[in-house]
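Below, each chain spelled out in residue letters.
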Amino acid sequence: MKTCPATTYADNFTQRCVAICPSSQKYYGDPSTHKCVLGCPSYPSLFADNITQTCVHICPNDTYGTPVTRVC
């Protein structure tokens with residue numbers, strides 16, 4: 001898989017570096033691997049943010065991450 005710059009993620013389908021992972025498949029950008037993943041890793045504690053389609057340490061305002069779903 002392609003290695004992408006810090007602000008982009010490798011899209012599994014197009015094999016290109018993208019700023020936002022495909023939302024139609026519910027992929028999220030993993031900040032540590034720079035790849036689009038189906039679910040965010042539980043270690044380190046990352047939560048899937050549906051607005052930015054990225055894995056985040058802290059969910060944005062008015063949302064919170066649950067340990068079961070790992071989604072904001």
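Preceding this paragraph is the structure being described.
Owing to the predicted nature of the structure, the values given are computational and were not obtained by experimental measurement.

Participant: Run through the overall build of the protein, naming residues and quoting values.
Facilitator: Along its length, the protein carries zero helices and six strands. Mapped from its N terminus to its C terminus, the protein presents α and β elements in the order β-β-β-β-β-β. Expressed as a percentage of its 72 residues, the buried residues of the protein come to 36%. Here the contacts in the protein between residues at least 6 apart in sequence split such that 30% fall between residues at least 24 apart. On the protein, roughly 4600 Å² of surface is accessible, and the fraction owed to carbon and sulfur atoms is 59%. Charged side chains in the protein number 5 positive and 4 negative. The centres of these two groups are separated by 10 Å.

Participant: Please give an account of the packing of aromatic side chains that cites residues and values.
Facilitator: Tallying each qualifying case throughout the model produces one aromatic pair. For the ring pair F13 and Y27, a centre distance of 5.8 Å and an interplane angle of 90° mean the geometry is edge-to-face. With F13 in the loop between β1 (9-10) and β2 (17-18) and Y27 in the loop between β2 and β3 (28-30), this pair connects stretches of sequence that are 14 residues apart. Take F13: its relative accessible area is 53%, and that puts it in the exposed class. The ring of F47 has R70 sitting right over it, with the charged end atom 4.5 Å from the ring centre.

What counts and how
- Residues numbered from 1 in each chain as written.
- Predicted model: local features only at pLDDT ≥ 70, side-chain atom pairs only at ≥ 80, totals over all residues.
- Heavy atoms only, no water.
- Helix = DSSP H or I, 4+ residues; strand = E, 2+ residues; numbered from the N terminus.
- Buried < 20%, exposed > 50% of the residue type's maximum accessible area, 1.4 Å probe, protein only.
- Contact = heavy atoms within 4.5 Å.
- Areas by Shrake-Rupley, 256 points an atom, 1.4 Å probe, with all protein chains shown as cover.
- Lys, Arg positive; Asp, Glu negative; His and termini not counted.
- Charge placed at Lys NZ, Arg CZ, Asp CG, Glu CD.
- Phe/Tyr/Trp six-rings, centres within 6.5 Å; stacked < 30°, edge-to-face > 60°.
- Lys NZ or Arg CZ within 6 Å of the ring centre and 35° of its normal.

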